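# Remarks on the overall topology
Chain residues, written in single-letter form:
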Amino acid sequence: MPRKIWVAGHNGMVGSALVKELELKNENVLKVSRSDLDLRDQASVTGWLIRNKPDSVIFAAAKVGGIHANDTLPADFLYDNIVLATNVIHGAHVAEIDRLVFLGSSCIYPKFAPQPIQEDALLTGPLEPTNEWYAIAKIAGIKLCQAYRKQYGRNYISIMPCNLYGEGDNFDLMSGHVIPALMRKFHEAKVLDLDSVTVWGSGTPRREFLHVKDLARGVIHCMDNYDEYDHINCGAGSDITILELAFLIKEVTNFQGEIFMDADKPDGTPRKLMDSSRIRKLGWEPSIALRDGLRTTYDWFRNHIVDK
Ligand code: GDP
């Protein structure tokens, strides 16, 4: 019997990867568009959940963005993400749905957490200021799952992915994350025959990148095999510097010019490599190497964004 699974946020990069993987497994995936259900409206969300009664909910709806968007739209990032988490988690409880998977982010951890970051580093130190708004909302989501488990025995779990990339990403230069933004910059520089590309910050911060398809498989694996109070990390297991990443994207896009750094732009957190040994012990591991994932993402960008 296929399970009825609601992917909240099915149009986003993570949501659409989840839908694809779940449909490959012949699950019955529920999707509802923003025009039919505003996730910021508590009564509508609860009513929809009562009427549709999925067996499980996967929470992939979020207001997301790169370092610049996070830093300049603090109210949107804090309010939208708190209210989405509150409405979906509380609504699932009211509708007596016993299984929910909440997705957070590695930015929930303190700026200077010991590396690789274990799950118990949560709330042990101050956050990175450029993304604390998003982080606080995601921490609230983890705590909501824990609270409904503690008070009502709900089997709600939380998964913390590292930096994600892949098909369906936001390739906007100002609001996107580093991989899609650099992909567009290098691609446009090649097409326009420019001499150089400018990369934000010092180039020294390290980031851990996971392809969204690997994350989707990890989320489904946890939905089926993990049922604990504590959140669980889901990362690639290694990180690289932003400058190394820039050289990889230069190679993938076949740009022949130079790379310059813009030190006036923020670096953000120096490093956020997670310890993902717990999810690996459950039997999940990533399968897409960064260079390969960048190549397929670049193909997708050319076919879906540039040619449209
Ligand atoms: P973060 O992991 O929350 O900091 O998110 P981002 O993916 O936006 O940024 C990661 C790192 O890449 C930061 O140190 C940025 O300064 C750096 N970076 C370099 N060039 C760019 C760019 O063009 N766009 C973005 N978003 N980040 C860039």
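Here's what I pulled together on the structure shown here. Quick caveat, the model's predicted, so the values are computed rather than measured. (Residues numbered from 1 in each chain as written. Predicted model: local features only at pLDDT ≥ 70, side-chain atom pairs only at ≥ 80, totals over all residues. Heavy atoms only, no water.)

## Re the overall build of the protein
Helix and strand content of the protein: 10 helices and 12 strands. For a compact globule of 308 residues, the expected C-alpha radius of gyration is about 19 Å, and the protein comes in at 19 Å, within 12% of that figure. On the principal axes, the C-alpha backbone points of the protein span a range of 60 × 45 × 40 Å. Counting the 308 residues in the protein, one finds 53% classified as buried. Long-range pairs, those at least 24 residues apart, make up 81% of the contacts in the protein with a sequence separation of at least 6. When the accessible surface of the protein is totalled, it reaches about 13,800 Å², and 51% of it is carbon and sulfur. (Helix = DSSP H or I, 4+ residues; strand = E, 2+ residues; numbered from the N terminus. Rg over C-alpha atoms; globule rule 2.2 N^0.38 Å. Buried < 20%, exposed > 50% of the residue type's maximum accessible area, 1.4 Å probe, protein only. Contact = heavy atoms within 4.5 Å. Areas by Shrake-Rupley, 256 points an atom, 1.4 Å probe, with all protein chains shown as cover.)

## Thoughts on the packing of aromatic side chains
According to the stated counting rule, one finds eight aromatic pairs in the structure shown. Ring centres of Trp6 and Trp48 lie 4.6 Å apart, and the angle between their planes is 45°; this geometry places the pair in the tilted category. Here the residue Trp6 occupies a position in strand S1 (residues 4-8), and Trp48 occupies one in helix H2 (residues 42-52), the gap between them amounting to 42 residues. Trp48 carries the same exposure label as Trp6, and that label is buried. Between Phe171 and Trp300, the ring centres sit 6.1 Å apart and the planes meet at 25°, which makes this aromatic pair stacked. Here Phe171, found in the loop between strand S6 (163-165) and helix H6 (178-191), pairs with Trp300, found in helix H10 (residues 290-306); they are 129 residues apart in sequence, far enough to count as distant. Of the two residues examined, Phe171 and Trp300, each falls in the buried class. Each member of the aromatic cluster is reached from another via a ring pair, and the members are Phe171, Tyr298, Trp300 and Phe301. (Phe/Tyr/Trp six-rings, centres within 6.5 Å; stacked < 30°, edge-to-face > 60°.)

## Quick word on the environment of Ala69
Relative to the elements of secondary structure, Ala69 occurs in helix H3 (residues 67-72). Given the relative accessible area of 6%, Ala69 is considered buried. Between the C-alpha atoms of Ala69 and Phe209, which are 140 residues apart in sequence, the distance is 19 Å. Look past the residues within four positions of Ala69 in its chain and what remains in contact with it is Phe77, Met174 and Ser175.

## Some thoughts on the pattern of salt bridges
Considering all chains together, one arrives at 19 salt bridges under this definition. The partner of Glu128 in a salt bridge is Lys111, with the nearest N and O atoms 3.0 Å apart. Linking Glu128 in the loop between strand S4 (99-103) and helix H5 (132-152) with Lys111 in the loop between S4 and H5, this pair joins segments that are 17 residues apart in sequence. What makes Lys111 partly exposed here is its relative accessible area of 21%. Of the charged contacts in the structure, one is a salt bridge between Arg295 and Glu251, with a shortest N-O distance of 3.3 Å. Highlighted residues: Arg295 in helix H10 and Glu251 in helix H8 (residues 242-253), separated in sequence by 44 residues. The partly exposed category is assigned to Arg295, whose relative accessible area is 37%. (Salt bridge = Lys/Arg side-chain N within 4 Å of Asp/Glu carboxyl O.)

## Describing the environment of Gly153
Among the structural elements, Gly153 can be located in the loop between H5 and strand S5 (155-161). For Gly153, a relative accessible area of 43% corresponds to the partly exposed category. Between the C-alpha atom of Gly153 and that of Asp98, which follows or precedes it by 55 residues, the distance is 8.5 Å. Leave out the neighbours within four places in its chain, and Gly153 touches Asp98 and Tyr148.

## With respect to helix H4 (residues 74-94)
Taking 1.5 Å as the rise per residue, H4 with 21 residues should run 30 Å; its terminal C-alpha atoms sit 30 Å apart, in good agreement. Backbone geometry just after H4 places Glu96 at a positive phi near 60°. (Expected span 1.5 Å × (residues − 1).)

## Quick word on the site of the ligand
Residues in contact with the ligand amount to 18 residues; listed here are only the nearest, Ile67, Lys185, Arg207, Pro266 and Asp267. For the ligand, an oxygen atom lies 3.5 Å from a polar atom in the side chain of Asn131. The contact in question runs from an oxygen atom of the ligand to an N or O atom on the backbone of Pro266, over 2.7 Å. When isolated, the ligand has an accessible area of 540 Å², and the protein chains bury 98% of it. Looking at the shell around the ligand, the elements that each hand over two or more residues are H6 and strand S7 (196-200). (Near = heavy atom within 4 Å. Polar contact = N/O pair within 3.5 Å; in protein donor to acceptor, adjacent residues only side chain to side chain.)

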